[in-house]
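# Observations on the model geometry
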Amino acid sequence: MQVPTATAQWIMAIASVGFVCYWLRDTLAPFMMALMLWIAIAGLARVIGHVLRFLPSAVSLAVALILVLGLGSLVIYVLARNVAPIIADASQFQPRFEALILNAQASLGWTGGAWTLQRLIAELGPATLLTRLGGIAQSIAGNTTLILIDLLFIFPAAATFQSKLPQMLPRPEVRNRAELLLTAIRSSVERYLLVQTAMSLLISSLSYATLVLIGLEHPLFWSCLIFVLNYIPTVGSIVAVALPTLFAVAQLPDWRFVGAVALGLHIWQFSIGTFVQPRITGASLNLSAIVVVLSLTFWGSLWGLTGVFLAAPMTVLVMIVLEQFPQTHWIAVLLSSNGRPLPNGASESP
């Protein structure tokens, strides 16, 4: 069976774009993160301007910029400051960890020798582990710098972009279609980011109160980590419950308290993620569940940790673009959760 020429050309084009994204990942990943930040800041500025109509647009934008960057800086500061104390505390929990490992080995009938923490460290190789951790830290620091630099240049470029469209696209019908496409992308990603941030703040705040009541150490660190992990669809919420629970196993003496940590965090993740967030988000993240999971693997393999956080909005962007062309319309329908790739009010592809 021969593949139609148009389909083959589109497959080659998509593969070429994927190769370019991977080849230029060190440049594109920070730029796309900065672009998402800009969309979130611009969207928040519009919300502030709508609520406080007396504020000039420049003031609304400045307030939104301070809020977004301030929140991000605060989360990074809390995480960075508490990593060392948590590592120090983990060493104090070594006997309990090893007792749990021995009990698990006895229950499973393991005869390969006791897996103490010393043996685990020896098997992993401390030099390799430290090298990898150092590389990750340098990568995060470098990406943050690039993201802020890109964000600095996106603002003036965005301010003049609208005036350039008539010269870039002189034909009115083409220009109108491009404007509708850009509006659909902006509105979908903007709503997703704003709602995701609000829901992450709510979940992390309730999780902080839960951990304080139970008595788990470093509740502010865990709540900030939960806030960050909730930007990773599906997998992030699972990890956000698992990590504090594992720490509680080593720290808390009573299994009932450990169960309370797991149950309390799971209740907030499940109830808000299942009942509250979908009602507010609407169709902004119009992706099927399997596509969300696969997008984490795809973008993570392309852009690493940055790709994991950008997986959902990047896939929405790709879906909306693919919907515009008859040859790839079926792919966009396949990616969507309800069969309608575009948000309500956007034009359909011809």
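Keep in mind that what you see is a predicted model, and the values were worked out from it rather than measured.

### Regarding helix H9 (residues 235–251)
- The end-to-end C-alpha distance of H9 is 25 Å, a good match for the 24 Å that 17 residues give at a rise of 1.5 Å each.
- Residues of H9 that are buried include every one of Gly 236, Ala 240, Val 241, Pro 244, Thr 245, Phe 247, Ala 248, Val 249, Ala 250 and Gln 251, and no others.

### So, the environment of Phe 270
- Its place among the elements puts Phe 270 in helix H10 (residues 255–281).
- Take Phe 270: its relative accessible area is 44%, and that puts it in the partly exposed class.
- Along the chain, Phe 270 and Ile 238 lie 32 residues apart, while their C-alpha atoms are 9.9 Å from each other.

### Description of the nonpolar core
- Of all hydrophobic cores here, the largest spans 60 residues; its most connected members are Met 36, Trp 222 and Trp 303.
- Taken together, the elements giving at least two residues each to this core come down to helix H2 (25–51), helix H3 (57–92), helix H7 (172–214), helix H8 (219–229), H9, H10, helix H11 (289–323) and helix H12 (329–335).
- Here the element with the most residues in this core is H11; it accounts for 15 residues.
- Residue contacts for Trp 303: discarding those within four places in its chain leaves Cys 21, Arg 25, Leu 28, Ala 29, Met 32, Leu 310 and Met 314.
- Counting 10 residues, the second-largest nonpolar core is a separate cluster that includes Ala 34, Ala 45, Ala 64 and Leu 151.

### Things to note about a nonpolar patch on the surface
- Taken together, the side chains of Phe 19, Val 20, Trp 23 and Leu 24 define a hydrophobic patch exposed on the protein surface, amounting to about 430 Å² of accessible area.
- Its place among the elements puts Leu 24 in the loop between helix H1 (5–23) and H2.
- Take Leu 24: its relative accessible area is 34%, and that puts it in the partly exposed class.

### Quick word on the packing of H8 against H9
- Relative orientation of the contacting elements H8 and H9 amounts to 160°, with a least axis distance of 8 Å. It follows that H8 is roughly antiparallel to H9 by the angle criterion. With respect to the hand of their crossing, H8 and H9 are arranged in right-handed fashion. Of the residues in H9, those in contact with Trp 222, Leu 225, Ile 226 and Leu 229 of H8 are Gly 236, Ser 237, Val 239, Ala 240, Leu 243, Pro 244 and Phe 247.

### As for the packing of H7 against H8
- Across the interface, H7 lies against H8 with an axial gap of 8 Å and an inter-helix angle of 155°. Relative to H8, H7 is oriented roughly antiparallel. When you trace H7 past H8, the crossing you get is right-handed. Taking contact as the criterion, the partners of Thr 197, Ser 200, Leu 201, Ile 203, Ser 204, Ser 207, Tyr 208, Leu 211 and Val 212 in H7 are, on H8, Pro 219, Leu 220, Trp 222, Ser 223, Ile 226 and Phe 227.
- Residue composition of the contact of H7 with H8, grouped by class: 10 nonpolar, five polar and no charged.

### Examining the packing of aromatic side chains
- According to the stated counting rule, one finds five aromatic pairs in the structure shown.
- Judged by centre distance (5.1 Å) and plane angle (75°), the rings of Phe 221 and Trp 222 are edge-to-face.
- Phe 221 sits in the buried class, given a relative accessible area of 9%.
- When the centroid spacing of 5.2 Å and the interplanar angle of 80° are considered together, the rings of Phe 298 and Trp 299 count as edge-to-face.
- One aromatic cluster is present, formed by Phe 221, Trp 222 and Phe 247 through successive ring pairs.
- Taking the ring centre of Tyr 22 as reference, the NZ or CZ of Arg 25 above it sits at 4.2 Å.

Each value, and the rule that gives it
Residues numbered from 1 in each chain as written. Predicted model: local features only at pLDDT ≥ 70, side-chain atom pairs only at ≥ 80, totals over all residues. Heavy atoms only, no water. Helix = DSSP H or I, 4+ residues; strand = E, 2+ residues; numbered from the N terminus. Expected span 1.5 Å × (residues − 1). Buried < 20%, exposed > 50% of the residue type's maximum accessible area, 1.4 Å probe, protein only. Core = buried A, V, L, I, M, F, W, Y, C linked by side-chain atoms within 4.5 Å. Contact = heavy atoms within 4.5 Å. Patch = residues over 30% accessible without salt bridge, like charges linked within 9 Å, V, L, I, M, F, W, Y side chains within 5 Å. Areas by Shrake-Rupley, 256 points an atom, 1.4 Å probe, with all protein chains shown as cover. Salt bridge = Lys/Arg side-chain N within 4 Å of Asp/Glu carboxyl O. Axes fitted to C-alpha atoms, helices over the stretch in contact; angles between N-to-C directions. Parallel < 35°, antiparallel > 145°, perpendicular 65-115°, else oblique. Left-handed = near helix turned anticlockwise from the far one by under 90°. Nonpolar A, V, L, I, M, F, W, Y, C, P; charged D, E, K, R; others polar. Phe/Tyr/Trp six-rings, centres within 6.5 Å; stacked < 30°, edge-to-face > 60°. Lys NZ or Arg CZ within 6 Å of the ring centre and 35° of its normal.

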